[in-house]
Amino acid sequence: MQEVIKKRVKELFDNNTIVRAIGWENGEFFYDHTPAVFDSAADMDVFVYDNFCASNLSKYLINHCAPEGKTLVLLKPCDTYSFNQLLTEHRINKDNIYIIGIGCDGMVDIDKIRALGIKGITKITQNGDELVIDTMYGEKKCKKADVLLEKCLSCKGKKHMIYDELISENEDEMPQDASKRFDLVNELENMTSEERFAFWQNELSKCIRCNACRNICPACSCRKCVFDNSASGVASKANADSFEEKMFHIIRAFHVAGRCTDCGECTRVCPQGIPLHLLNRKFIKDINTLYGEYQAGETADQRGPLTDYTQQDVEPTFISDKEVK
Amino acid sequence: MQKIKLENINELLQSMAQIGKVYAPIEKAGQVNYYEWNKDAKLRLDVLNTVKSAKDVFFPQTEDLASFKTEGKEISIQAEKPLDEDFAVFGVRACDVKSFDILDKVFIEENTDEFYKARREHGVVISHACNEPEETCFCTTFGIDASAPKGDIETYTVGDTLYWLPVTDKGKEYSAKLGNILEEADESQVNKQKETIKAIMDKLPLKDVTTQAFGAGKTMEYFDRPEWKELSEACIGCGTCTYVCPTCQCYDIRDYDTGKSIERFRCWDSCMYSDFTMMAHGNPRKTQTERFRQRFMHKLVYFPDNNNGEFSCVGCGRCVAKCPISMNIVKVMKALGGK
């Protein structure tokens, strides 16, 4: 697929449809691709698309859809939800953007492979469902399904929500285990409040306040975050106490509630492996229960459940009737 | 040289904990960082890179400096005191051991930071050789030998045994306090292991990364290079690289109003942040490209400028493994240095 995409993007450069393209560039190893802005067909020689192109490129358009000429962006199915949400929020201008929707079979998490105790990884070849891993310490094998990124475990399906053209072979394929999406949220809900507090205390005490979760998040698009504003009184570059550890993440989850598409980038980039997506998923689950099934970013013209008022809206006093824990 | 069976390592740590606190690579909620050891802790001596480096032990991410209180017209100031008890940090890899020398240049050699200095004086560094270096490792670029990790005491894992070699007087004194928990051993097994490690180091994929093109006096050569824009284009401006880095040493001092008092604390800062070195007139580095350039120029040019050519990178590979967009010092060195 990489070569097909590369050829098509080069064509679009050559016929002047686009002036720049956002994709992924080859890294030092086979798994460390960097998002890149390509300015010409010739630049595209280092373009790469494989099992390690997890980054959601839609947020880059905030800074790259304003200059003159059209910007091409390559979006995987899940990335298109973020794109639509950014359109809804008027953070990007579709007129200046050309989308190629590209197919995706799930992205691999190199950290999950490392967690299996596999060190010195030099090459991975996919053989059907299996990954053959060459390392400095001999050949290892594992199932691709066992080392997929967390976000791919609850894939929303292979269908692109918005595109100008498609390069995808499995557009109509439905994910098999989307029903498991809320399993961990259910588990957390079924805990006692003490157990749940201990769970989050344990996870969030690892937080180093690097802000990677916030900065990668397509829903976090404020020009200046309150936590970066020294005049706000809550700016903190470090967690002074365990309250602050939780405050940052809980405030952020509240702020993106109803807007979070569950793209899973927060969990992917967290250097401490904190399952931050679970906070967002709890909100998504509650919104589904209280306001009806809603998927942020499904279209660009829907009104968000928390930013729209309808007479059917649940009254806060009725929340307990809906069995929201 | 002495030794102990790995299955008895908790007994060793128990004895060490009686001398003073022991910080070690410990797994918590699936991640390994340096935490104080206790008998319930899950020691992970096999893990090469902790998420946060061992610098956290000497230069913690946050520390209180002073507390101010007002009562009526009286203002009382309570200053924190530097640490006054011995401790040990166990399982430190060669790269992190070297990072302490680099931090010393900043916190002890020029102006003395009493908090840092006290921790350095009271801390015994017990290193651990790397049997299986990762593909992300490039310590050899900075002349570091993972088979001779240095510190006050060197330790080696060979098969089911941990070997223990005091190197400095501080390390010898510490070992003497341990009593009979360790038994005498000869060096033959360790020497064999060292050769094995060296052979692996020669095959590491990043072994040819070189600092040759960089160093003191090169500011003008690199400052305006066009590559900075492209290299920094995808940078999301988070602080991951700076916070997992063993040599990043920038910090901020802030006052926190608790409602009853003002707490003055110090915390790590990141040159990648938009409010780094913010002044009354604004931020001197307005774009992410400038902030990105600052980080790498500091490590590869400015630090050598001020420290007899020494680079402030130890090749631990944490930024290589952890950057959300996979941009790192290796890519920067190759793009700018032409290799």
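Everything numeric here is computed off the predicted structure, so don't read it as measured data.

Caption draft 1: Spatial organisation of helix H1 (residues 9–19) of chain B. Residue and element names in this part refer to chain B. Listed in full, the buried residues belonging to H1 are Leu12, Leu13 and Met16. Along H1, the residues classed as buried sweep out an arc of 95° about the axis, all on the same side. Exposed side chains of H1 directed beyond 90 degrees from the buried face belong to Glu11 and Gln18.

Caption draft 2: Inspection of the environment of A:Ile124 at higher detail. Residue and element names in this part refer to chain A. With respect to the helices and strands, the residue isoleucine 124 is situated in strand E5 (residues 121–127). The spatial distance from the C-alpha of isoleucine 124 to the C-alpha of leucine 153 is 20 Å, given a sequence separation of 29 residues. Setting aside residues no more than four positions away along its own chain, isoleucine 124 makes contact with Phe30, Leu131, Val132 and Ile133.

Caption draft 3: Structural view of the pairing of strand E6 (residues 130–135) of chain A. Residues and elements named next belong to chain A. Of the strand pairs in this sheet, E5 and E6 are connected by six bridges, and their pairing is antiparallel. Counted as the bridge partner of isoleucine 121 is threonine 135 from E6. Where E5 folds back onto E6 in an antiparallel hairpin, the turn is made up of two residues, including glycine 128, whose phi is positive at roughly 65°. When E6 meets strand E7 (residues 138–143), the two strands line up antiparallel, connected through six bridges. Bridging across to E7, glutamate 130 finds its partner in lysine 143. Here E6 hands over to E7 after two residues, the two strands then running antiparallel side by side.

Caption draft 4: Focus on unusual backbone geometry. All names here are of chain B. Even without being glycine, lysine 150 reaches a positive phi, approximately 65°. Among the structural elements, lysine 150 can be located in the loop between strand E8 (123–128) and strand E9 (153–158). On the basis of neighbour counts, which here come to 18 C-beta atoms within 10 Å, the residue lysine 150 falls in the partly exposed class. A positive phi angle, close to 55°, is found at serine 326, a residue other than glycine.

Caption draft 5: Geometry of the interface of chain A and chain B. Listed as interface residues are 34 residues of chain A and, on the opposing side, 39 residues of chain B. Looking at the side of chain A that touches chain B, the element that brings in the most residues is strand E2 (residues 34–38) of chain A, giving four residues.

Caption draft 6: Focus on the nonpolar core. Ranked by internal contacts, the top residues of the largest apolar core, which has 143 residues, are A:Val73, B:Val89 and B:Cys139. Tallying contributions element by element places helix H3 (residues 94–110) of chain B first for this core, with seven residues. Other than its neighbours up to four places away in sequence, B:Val89 contacts B:Tyr23, B:Tyr34, B:Ala54, B:Val57, B:Gly123, B:Val125 and B:Ile126. Residues A:Ala54, A:Val108, A:Leu131 and A:Cys152 belong to the second largest nonpolar core, which totals 13 residues.

Caption draft 7: Region of interest: the domain arrangement of chain A. Residue and element names in this part refer to chain A. According to the domain assignment, chain A consists of domain 1 (1–107 + 157–175), domain 2 (110–147) and domain 3 (177–325). Here the C-alpha centroids of domain 1 and domain 3 sit 27 Å apart. Each side of the interface is counted separately: domain 1 has 17 residues, and domain 3 has 15 residues. Top contributing element to the side of domain 1 that touches domain 3 by residue count: helix H3 (residues 77–88), with eight residues. Residues belonging to the side of domain 1 that touches domain 3 are distributed by class as follows: nine nonpolar, six polar and two charged.

Caption draft 8: Inspection of the sheet that holds E2(A) at higher detail. All names here are of chain A. Spatial strand order, E2-E1-E3-E4-E8: five strands in an open sheet with mixed pairing. Each edge of the open sheet is held by one strand with a lone partner, namely E2 and strand E8 (165–167). Neighbour-to-neighbour, the strand axes of this sheet turn through a mean angle of 30°, independent of strand direction. One ladder, built from three bridges, connects strand E4 (residues 97–102) with E8; its direction is parallel. Its bridge partner lying in E8, glycine 101 is registered against leucine 166.

Here is what the cut-offs are and how they apply
Position numbers for residues count from 1 along each chain, tracking the sequence in the order it is written. Working convention: letters from A go to chains and numbers from 1 go to ligands, in the order in which they are written. A pLDDT threshold of at least 70 governs which residues receive local features in this predicted model, and a stricter bar of 80 or more applies before side-chain atom pairs are shown or counted, although totals over entire chains, interfaces and linings include all residues. Any residue whose C-beta has 12 or fewer other C-beta atoms within 10 Å is treated as exposed, any with 20 or more as buried, and any in between as partly exposed, C-beta atoms being built from the backbone. Secondary structure elements are defined from DSSP: runs of H or I of at least 4 residues count as helices, runs of E of at least 2 residues count as strands, and each element is numbered from the N terminus. To be clear, the arc concerns the directions from the helix axis to the C-beta atoms. In this description, a residue-residue contact is defined by the distance between C-beta atoms placed from the backbone, which must lie within 7 Å. Two strands form a pair only when DSSP identifies at least two bridges running between them. Only buried Ala, Val, Leu, Ile, Met, Phe, Trp, Tyr and Cys residues enter a nonpolar core, and they are joined through C-beta atoms within 7 Å. Domain start and stop points were drawn from an automatic or database domain assignment. Residues are grouped as follows: Ala, Val, Leu, Ile, Met, Phe, Trp, Tyr, Cys and Pro are nonpolar; Asp, Glu, Lys and Arg are charged; all remaining types, including Gly, are polar. Fitting a line to C-alpha atoms yields each axis, with helices limited to the stretch in contact; the angle taken between N-to-C directions then spans 0 to 180 degrees.

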